[in-house]
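# Descriptive structure summary
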Protein chains: 2
Amino acid sequence: DMAVRHYTLDFTLSTPVDSASVVPGLVSIFHEQELTETIHDTNGHGYLATFIGKNGRLVILRVHSHGLVTIDLQCHEDDNIAQLDNVSDQELPALVRGAKVDRYWPTADGRLMEYDIDEVVYEEDSAYQNIKILHSRQYGNILVLDGDVNLAESDLAYTQAITGNGRENYTGKEVLILGGGDGGILAELVKQKPKMVTMVEISFYRLCSVIDGCKMHMRRTCGNTLDNLKGDCYQILIEDCVPLLKKYVQEGRTFDYVINDLTAIPISTAPEEDSTWEFLRLILDLSIRVLHPKGKYFTQGNSVNLKEALSLYEEQLGKLSCPVDFRKEVVCVPSYLEQWVFYTAWKK
Amino acid sequence: DMAVRHYTLDFTLSTPVDSASVVPGLVSIFHEQELTETIHDTNGHGYLATFIGKNGRLVILRVHSHGLVTIDLQCHEDDNIAQLDNVSDQELPALVRGAKVDRYWPTADGRLMEYDIDEVVYEEDSAYQNIKILHSRQYGNILVLDGDVNLAESDLAYTQAITGNGRENYTGKEVLILGGGDGGILAELVKQKPKMVTMVEISFYRLCSVIDGCKMHMRRTCGNTLDNLKGDCYQILIEDCVPLLKKYVQEGRTFDYVINDLTAIPISTAPEEDSTWEFLRLILDLSIRVLHPKGKYFTQGNSVNLKEALSLYEEQLGKLSCPVDFRKEVVCVPSYLEQWVFYTAWKK
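Residues numbered from 1 in each chain as written. Chains lettered and ligands numbered in written order. Predicted model: local features only at pLDDT ≥ 70, side-chain atom pairs only at ≥ 80, totals over all residues. Heavy atoms only, no water.

Within a sheet, neighbouring strands are paired by backbone hydrogen bonds and run either parallel or antiparallel to one another. All names here are of chain B. Reading across from one edge, 14-15-13-12-16-17-19-18 is the order of the 8 strands in this open sheet, with mixed pairing throughout. Edge positions in the sheet fall to strand 14 (230-231) and strand 18 (324-332), since each of these pairs with one other strand and no more. Taken together, the 5 bridges between strand 12 (residues 174-179) and strand 13 (residues 196-201) define a ladder with parallel strand orientation. Counterpart to Leu-178 in the pairing with strand 13 is Val-200. (Pairing = 2+ DSSP bridges. Helix = DSSP H or I, 4+ residues; strand = E, 2+ residues; numbered from the N terminus.)

So this is what it looks like as structure tokens:
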């Protein structure tokens, strides 16, 4: 592998100190490792030295004037540089940089998370997005769309949350799923013998390659529901949901449940200008219009920490042509590594 | 704050390339930022240059001979160095180094995880361990013992798992809790009107300061159960559980449920020598001996990824003086950021 391991070892000196008193001890450790030293002029911003050793080993030692000591060690993945462990109180797991399989997938609220990914099982660039299915040791296969963790085989909690967490009875009901290309919602609903589930994979957001990838590699999620576009009580339409929703509105057709699984709430906080927000409002408005007066609309929100985006979404809910009430629920979806908000809305 | 922000920006050149063709473009960006360059001799291990700028800014540019380009940027937390964003495909969230409140708490299986911690609400060094309660924006307060995330206020799933996930009826039952100083198990069980819950906080593993910290800062977990050491249907004993268990064995006393909440399975894989394993076997053996013939023993295991440690634990279960059967369950505890194994054992 071509990867580089990057260790960070930091500690804070209990008293702000002249670097002269801490540096020699550390430097002597690096010299033992046969590292060649360069001392840099920092214009009065503390002590900085770089050390270069065999096999491309690199050490950066900084003593900041306020007492923070940072040590960086870079070495090739199979090089053992662990002898330096004992210089620091606090060593984080090494960053693995440039590996064939990327382990780092930040949360929606921008935090660094290391997954136990060991294989890329599917990858395709569609016209609109990058589709990956990655294998995690603990979560099973994970669908990643444009770098966002979308759903893992472990994530029944997501499907349960976006179908009402067991409080609904789908038997004999008419259900419309917008998106849902991983097949998770469809697979759970058909167990309850609904009258008809219509799932619409809009080509703009998720091309058929999501369905193709998931029916091969996410079978714990979709079961056999994606193997055929028609079943006893369901149909999968591969088309843009906007014209379809408009047609349903014109026909006066209604559904007991509309489940919007298209996309999370945009993080952008300019709902008046942003085209993603505009799309969201359009879908939301049409969805509520095809909802039976006693029906329910389910959708995901976003990370519970993105309070501004969530409030903006709730503002949109207050501005619909057909007034709605809503409630929200915070749910732990295993592979997300952050708490996720789900919404239920219904006509007033 | 004294913290340093450390950005990593990596990309792989599609063809292995002479650094001469990629370096000038990058270097010119750094020169625009008024950074002073030092080029290092790497003994044939690719190109390496360090750049030093104002306010202690440091940039390290490496072009590895196999085509991996790594860029490191270090700056003070309030310094804006984001103009360099566009040099890379893939930028991870910055590592924040030397911050007053540490955000990085690795998983049991050694992966780097960034929490949304914004405050240390309690910290104490007992004779045996370091006790911290940290505030997370999404998980509420989190109890951290010796650097391991122990339980957060969001983690009812832990308490439910270690009490049988709703499959047990505790009404009128005799229950023994070993450990459990955060009060979570106690608070849930007393709702079911057991005959008597005896909770033993062993001083070796968790001193009273755990109880003190939790009764102040983890009230969503413990309710008011820790305010008094005695209630209608419970008592909290502050003592070493080993002599107590031995006394119970001698008296022939039994419990319908024994819940061992002392510690996760040791990660060390030398169960014959390691004193933690020895302690674990002793507690396990005594616990089963005080278990009613139809009783159940609940305990946590460890990360589902630590397969070797889990197998060793299961081996120990097979070697008890009183033979047991067991089952395990994998549970998502929100603040753990990894899937966790729980065990149930009962007498054959």
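The next thing to look at is the interface of chain A and chain B. Think of interface size as the accessible area that goes away when the parts come together; that is how it is often given. With 56 residues of chain A at the interface, the matching set in chain B holds 56 residues. Inspection of the region where chain A meets chain B yields 4 salt bridges. Applying the counting rule to chain A against chain B returns 22 residue pairs in polar contact (both at pLDDT 80 or more). Those elements that place two or more of their residues in the side of chain A that touches chain B are strand 1 (4-12), strand 3 (47-52), strand 4 (58-63), strand 5 (68-76) and strand 7 (95-97) of chain A. Classifying every residue of the side of chain A that touches chain B by side-chain character gives 22 nonpolar, 22 polar and 12 charged. (Contact = heavy atoms within 4.5 Å. Salt bridge = Lys/Arg side-chain N within 4 Å of Asp/Glu carboxyl O. Polar contact = N/O pair within 3.5 Å; in protein donor to acceptor, adjacent residues only side chain to side chain. Nonpolar A, V, L, I, M, F, W, Y, C, P; charged D, E, K, R; others polar.)

This next bit is on the nonpolar core. Nonpolar side chains in soluble globular proteins tend to end up buried together. Grouped together as the largest cluster of nonpolar side chains are 92 residues, with contacts concentrated most on A:Tyr115 and B:Tyr115. In contact with B:Tyr115, not counting residues within four places along its chain, are A:Arg111, B:Arg103, B:Trp105, B:Tyr139, B:Ile142, B:Val149, B:Ser335, B:Tyr336 and B:Leu337. (Core = buried A, V, L, I, M, F, W, Y, C linked by side-chain atoms within 4.5 Å. Buried < 20%, exposed > 50% of the residue type's maximum accessible area, 1.4 Å probe, protein only.)

Next up on the list: helix 6 (residues 241-251) of chain A. Residue and element names in this part refer to chain A. Listed as buried for helix 6 are Cys-241, Val-242, Leu-244, Leu-245 and Tyr-248. Projected onto a plane normal to the axis of helix 6, the buried residues spread over an arc of 165 degrees and lie on a single side. Taken together, the buried residues of helix 6 touch strand 12 (174-179), strand 13 (196-201), strand 15 (234-238), strand 16 (255-261) and helix 7 (275-289). A side-chain oxygen of the first residue of helix 6 lies 3.0 Å from the backbone nitrogen of Val-242; this N-cap is Asp-240. At the exit of helix 6 stands Gly-252, carrying a positive phi of roughly 75 degrees. (Arc of directions from axis to C-beta.)

This next bit is on the relation of the copies chain A and chain B. Laying chain A over chain B is done by rotating through 180 degrees and shifting 0.1 Å along the axis; what remains is an RMSD of 0.1 Å. With respect to symmetry, the two chain copies, as superposed, fit the operation of a two-fold axis. Among all residues of chain A, the one whose C-alpha sits closest to the rotation axis is A:Met113, at a distance of 2.4 Å. (Least-squares fit on C-alpha atoms with pLDDT ≥ 70 in both.)

Attention now goes to the pairing of strand 11 (residues 148-152) of chain A. Of all 5 residues in strand 11 of chain A, 4 are buried; the element is thus mostly enclosed. Once strand 10 (residues 140-145) of chain A ends, the chain turns through 2 residues before running back antiparallel as strand 11 of chain A, passing A:Asp146 with a positive phi of about 50 degrees.

Glancing now at the UniProt feature "active site" (unreviewed entry) in chain A. Here, UniProt's "active site" (unreviewed entry) annotation points to A:Asp261. A polar contact of 2.4 Å, which involves the side chain of A:Asp261, links it to the side chain of A:Tyr158. (UniProt positions renumbered as here; feature names shortened; annotations may be inferred.)

This next bit is on the sheet that holds strand 8 (residues 117-125) of chain A. Residue and element names in this part refer to chain A. Taken in spatial order, the 4 strands line up as 8-9-10-11 in an open sheet, and their pairing is antiparallel. Here the strands that pair on one side only, and so sit at the sheet edges, are strand 8 and strand 11. Each strand axis lies, on average, 25 degrees off the axis of its neighbour in the sheet, ignoring direction. (Axes fitted to C-alpha atoms, helices over the stretch in contact; angles between N-to-C directions.)

Attention shifts here to the packing of helix 7 of chain A against helix 8 (residues 307-317) of chain A. All names here are of chain A. Remark: helix 7 packs on helix 8, axes separated minimally by 11 Å, with the N-to-C direction vectors making an angle of 40 degrees. When the interaxial angle is binned, helix 7 and helix 8 end up oblique. Crossing geometry of helix 7 relative to helix 8 is assigned as right-handed. When helix 7 is examined against helix 8, the residues Trp-277, Leu-280, Arg-281 and Leu-284 are found in contact with a partner set consisting of Ala-309, Leu-312, Tyr-313, Gln-316 and Leu-317. Among the residues making up the contact of helix 7 with helix 8, the classes are represented as 7 nonpolar, 1 polar and 1 charged. (Parallel < 35°, antiparallel > 145°, perpendicular 65-115°, else oblique. Left-handed = near helix turned anticlockwise from the far one by under 90°.)

Time to look at the domain arrangement of chain A. Domain boundaries in chain A define domain 1 (4-97) and domain 2 (156-347). Relative placement of domain 1 of chain A and domain 2 of chain A: their C-alpha centres are 50 Å apart. (Domains from an automatic or database assignment.)

Residue and element names in this part refer to chain A. Looking at the secondary structure, you find Thr-198 in strand 13. For Thr-198, a relative accessible area of 0% corresponds to the buried category. Within the structure, Thr-198 has its side chain in polar contact with the side chain of Gln-235 (distance 3.2 Å). If we skip the residues at most four places from it in the chain, Thr-198 touches Val-175, Leu-176, Ile-177, Gln-235, Leu-237, Tyr-248, Arg-253 and Phe-255.

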